[in-house]
Amino acid sequence: MREPPVLAVEGLDKSFGAVRALHGVSLQLHAGEAHALAGENGAGKSTLIKTLAGVHRPDAGTVLIDGEPVTLHGPADARDAGIAVIYQEPTLFPDLSVAENIFMGRQPRRSLGRIDHKAVKAAAAALFARLGVDLDPEQPARGLSIADQQIVEIAKALSFDARVLIMDEPTAALTGSEVARLFAVVRTLREQGSAILFISHRLEEIFGLCQRVTTLRDGALIASEPVEGLTEDDLVRRMVGRDLDELYPKQATDIGAVALSVRRLTREGVFTDVSFDVRRGEIVGLAGLVGAGRSEVARAVFGIDRRDAGTVEVDGRALVNGAPSAAMAAGLALVPEDRRAQGLVMGMSIERNIGLTGLRTTARAGLMDRRAERSRSLDWAVKLQVKYARIADAVGTLSGGNQQKVVLAKWLATGPRVLIVDEPTRGIDVGTKAEVHRLLSGLAADGVAVLMISSDLPEILGMADRVLVMHEGRLTAEIPRTEATEESVMAAATGRAA
Ligand SMILES: Nc1ncnc2c1ncn2[C@@H]1O[C@H](COP(=O)(O)OP(=O)(O)OP(=O)(O)O)[C@@H](O)[C@H]1O
Ligand SMILES: [Mg+2]
């Protein structure tokens, strides 16, 4: 007979006010298996994980470790039960070394009570060796990439003998090669007998890494099954509840006059001599590896960061350096990459967050027209399928992906003539992804000039009329839609093209 699952949940219920985030969810996790948790934005994935992490107390249901029921009163209980949660952006102590972060508060000591730094270092090095990664235990945590920070968190989990490793969208902020390294580490752990619960909106990651997949929809369990034999369409149907139409609904548009013109844009040490145009009706993709300078160019175009040289024109009118409000007045909008930090006021309502940028358009005689704001906010919330209980609820109560949609809504509501979107579908489920693409395509058809930064190559290839590629702070290629392939874009992004 098979051993009892390392971790199981049975009949889990959790509500937040009127929202039933989980109802009757059961799931079994076995040693040596990578198990995906799939579902649309707001399906209840993070809530399930927070329950296992001891952050939320379930309203009903049982958590079992090795077949024995346990009660998790807090994160310490979860850790003692062998459950470790790696969050998307870990929070290490920046001034401590990597090794000190791993052994915080439990460093090996010498006879007089002094910390045995050599032993700490050796123990950390041994953990990295077990994971098959090359990291310096003595390096300070400050300055580590998010990918390295995640590895440090995984090493820490190992040091606690965690047998269940839970990861909530760990790959959303990683580059391709970082994802490959994380997956190699996960495979190593799995072979050593750990169980892994993994959340991602990228189907290819679920199929590439996991043996089983559990799908939630609206807080309910839809299926828990082997990945083998399942197609992407099957999984999408489980998540969305229907077949998905075209993921990249790119319409043919009339490409008109130049709307955004950037010339010789330079920011010392960040990017150099960047020139390009975006025309009305056109979607221009900006591809490149993370760190190539794409978001930085967007920020300088919009005026959040000052430029050291170069010009930016919207409809032939030069934009003042470092003045986002002037850029907005000229019809430019930027949907930032780091939406949580730059885009939203968490304690404020969904309605007000969407309305924030549009104060000018809904203000009348100096007084804000609340009714207009509400109807416009509702309109956009519906268009983007934001999942909420009441439009007056705080944005902070929404699931991660739904927060992303609110930022998109907020900028689209300004009715821009030139729209820059930075990673528009990161963290967004497949169903809504298609909807965001349809929206962008529709805006272009209405004559908006769109600059779309994306690390998702299929998205770039599927949606862009023209692809610009950056490598180490410079534009290295401009590829028309007909010639853009994964190969040609990657070659330019890695500096292999002339
Ligand atoms: N602290 C909270 N207060 C109120 N409602 C909440 C809270 N946390 C989650 N919810 C609600 O519970 C539901 C499930 O949210 P959850 O974060 O689990 O979704 P998710 O599957 O992780 O989605 P995503 O893919 O967008 O991250 C959503 O409707 C969300 O608004
Ligand atoms: Mg989530």
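These numbers come from a predicted model, not from an experiment.

Draft legend 1. Region of the structure containing the overall build of the protein chain. The number of helices and strands found in the protein chain is 18 helices and 22 strands. Radius of gyration (C-alpha) of the protein chain: 24 Å, near the 23 Å computed for a compact globule of 498 residues. Counting only C-alpha atoms and orienting by the principal axes, one finds that the protein chain spans roughly 70 × 50 × 50 Å. A burial count over the protein chain gives 52% of its 498 residues as buried. Partitioning the intrachain contacts of the protein chain with sequence separation of at least 6 by distance along the chain shows that 66% fall at a separation of at least 24. About 21600 Å² of surface is accessible on the protein chain, with carbon and sulfur atoms providing 50% of the total. Each charge class in the protein chain was averaged separately, 59 positive and 65 negative side chains, and the resulting centres sit 5 Å apart.

Draft legend 2. A look at the pairing of strand 21 (residues 466–471). Counting buried residues along strand 21, 6 of its 6 residues qualify, which places the element largely inside the surrounding structure. Burial along strand 21 is two-sided: Arg466, Leu468 and Met470 and Val467, Val469 and His471, pointing in opposite directions, are all buried. For strand 13 (residues 283–288) and strand 21, the ladder comprises 5 bridges, and the chain directions are parallel. By the bridge assignment for strand 21, Gly288 is matched with Met470. As judged from the 6 bridges shared by strand 21 and strand 22 (residues 474–480), these two strands associate in the antiparallel manner.

Draft legend 3. Region of interest: the side chain of Asp305. Of note, Asp305 is situated in the loop between helix 9 (294–302) and strand 14 (309–314). Here the side chain of Asp305 touches Arg299 through a polar contact of 2.9 Å, side chain to side chain. Asp305 has contacts with Arg267, Arg299 and Ala300, leaving out every residue within four places of it along the chain.

Draft legend 4. Layout of the pattern of salt bridges. Taken as a whole, this structure holds 22 salt bridges when the rule is applied. For Asp66, the salt bridge goes to Arg163, with nearest N and O atoms at 3.0 Å. One end of the pair, Asp66, is in the loop between strand 4 (60–65) and strand 5 (68–70); the other, Arg163, is in the loop between helix 5 (146–159) and strand 7 (164–168), with 97 residues separating them in the sequence. Given the relative accessible area of 37%, Asp66 is considered partly exposed. Residue classification places Arg163 among the partly exposed positions, given a relative accessible area of 34%. In this structure, Arg374 engages Glu351 in a salt bridge whose closest nitrogen and oxygen atoms are separated by 2.8 Å. On the criterion of sequence distance, the pair formed by Arg374 in helix 14 (residues 370–383) and Glu351 in helix 12 (residues 350–355) is long-range, its members being 23 residues apart. With relative accessibility at 37%, the residue Arg374 sits in the partly exposed group. Residue class for Glu351 comes out buried when judged on its relative accessible area of 6%. Among the charged side chains, a salt-bridge network with shared partners connects Arg280, Asp315 and Arg417.

Draft legend 5. How the structure looks around the site of ligand 1. By nearness alone, 19 residues border ligand 1, and Gly42, Lys45, Thr47, Ser399 and Gly401 come closest of all. For ligand 1, an oxygen atom lies 3.0 Å from a polar atom in the side chain of Asn41. One nitrogen or oxygen atom from the main chain of Gly42 is found 2.7 Å from an oxygen atom belonging to ligand 1. Relative to its unbound accessible area of 640 Å², ligand 1 is 86% covered by the protein chains.

Draft legend 6. Fine view of the sheet that holds strand 6 (residues 83–86). In spatial order, the strands read 6-7-8-3-9-10; together these 6 strands make up an open sheet with mixed pairing. Both edges of this open sheet fall to strand 6 and strand 10 (220–226), since each of them pairs with a single strand only. Put simply, the sheet's adjacent strands are angled 20 degrees from each other on average, direction ignored. Bridge count between strand 9 (residues 212–217) and strand 10: 6 bridges; the pairing is antiparallel. Paired with Arg212 across the bridge in strand 10 is Pro226.

Draft legend 7. Main features of the packing of aromatic side chains. Evaluated as defined, the whole model comprises 2 aromatic pairs. Here the aromatic rings of Phe183 and Phe198 are separated by 5.8 Å at their centres, their planes lie at 80 degrees, and the arrangement is edge-to-face. One end of the pair, Phe183, is in helix 6 (residues 176–191); the other, Phe198, is in strand 8 (residues 195–199), and 15 residues separate them in sequence. Phe183 gets classed as buried once you look at its relative accessible area, which sits at 7%. When the ring of Phe302 is compared with that of Trp411, the centres are 5.9 Å apart and the planes differ by 90 degrees; the resulting orientation is edge-to-face. Separated by 109 residues along the polypeptide, Phe302 in helix 9 and Trp411 in helix 15 (residues 400–412) bring together distant segments of the chain. In this structure, Phe302 and Trp411 share a single accessibility class: buried.

Draft legend 8. Looking closely at the UniProt feature "domain: ABC transporter" (unreviewed entry) in the protein chain. Following the UniProt record, one finds the feature "domain: ABC transporter" (unreviewed entry) at residues 7–243 and 250–497. For the annotated span residues 7–243, helix accounts for 34% and strand for 26% of the residues, and the straight-line distance between the end C-alpha atoms is 32 Å.

Draft legend 9. Broad picture of the sheet that holds strand 20 (residues 449–453). With respect to topology, 6 strands assemble into an open sheet ordered 16-19-20-13-21-22, the strand pairing being mixed. Edge positions in the open sheet fall to strand 16 (332–335) and strand 22, since each of these has one partner strand only. Pairs of neighbouring strands in the sheet enclose a mean axial angle of 15 degrees, with direction left out of account. Relative to strand 19 (residues 418–422), strand 16 runs parallel, the two being bridged by 4 bridges. The residue of strand 19 that forms the bridge with Ala333 is Leu419. Docked against the sheet, helix 15 engages strand 16 and strand 19, running at close to 180 degrees with respect to strand 16.

What counts as what
Residues numbered from 1 in each chain as written. Chains lettered and ligands numbered in written order. Predicted model: local features only at pLDDT ≥ 70, side-chain atom pairs only at ≥ 80, totals over all residues. Heavy atoms only, no water. Helix = DSSP H or I, 4+ residues; strand = E, 2+ residues; numbered from the N terminus. Rg over C-alpha atoms; globule rule 2.2 N^0.38 Å. Buried < 20%, exposed > 50% of the residue type's maximum accessible area, 1.4 Å probe, protein only. Contact = heavy atoms within 4.5 Å. Areas by Shrake-Rupley, 256 points an atom, 1.4 Å probe, with all protein chains shown as cover. Lys, Arg positive; Asp, Glu negative; His and termini not counted. Charge placed at Lys NZ, Arg CZ, Asp CG, Glu CD. Pairing = 2+ DSSP bridges. Polar contact = N/O pair within 3.5 Å; in protein donor to acceptor, adjacent residues only side chain to side chain. Salt bridge = Lys/Arg side-chain N within 4 Å of Asp/Glu carboxyl O. Near = heavy atom within 4 Å. Axes fitted to C-alpha atoms, helices over the stretch in contact; angles between N-to-C directions. Phe/Tyr/Trp six-rings, centres within 6.5 Å; stacked < 30°, edge-to-face > 60°. UniProt positions renumbered as here; feature names shortened; annotations may be inferred.

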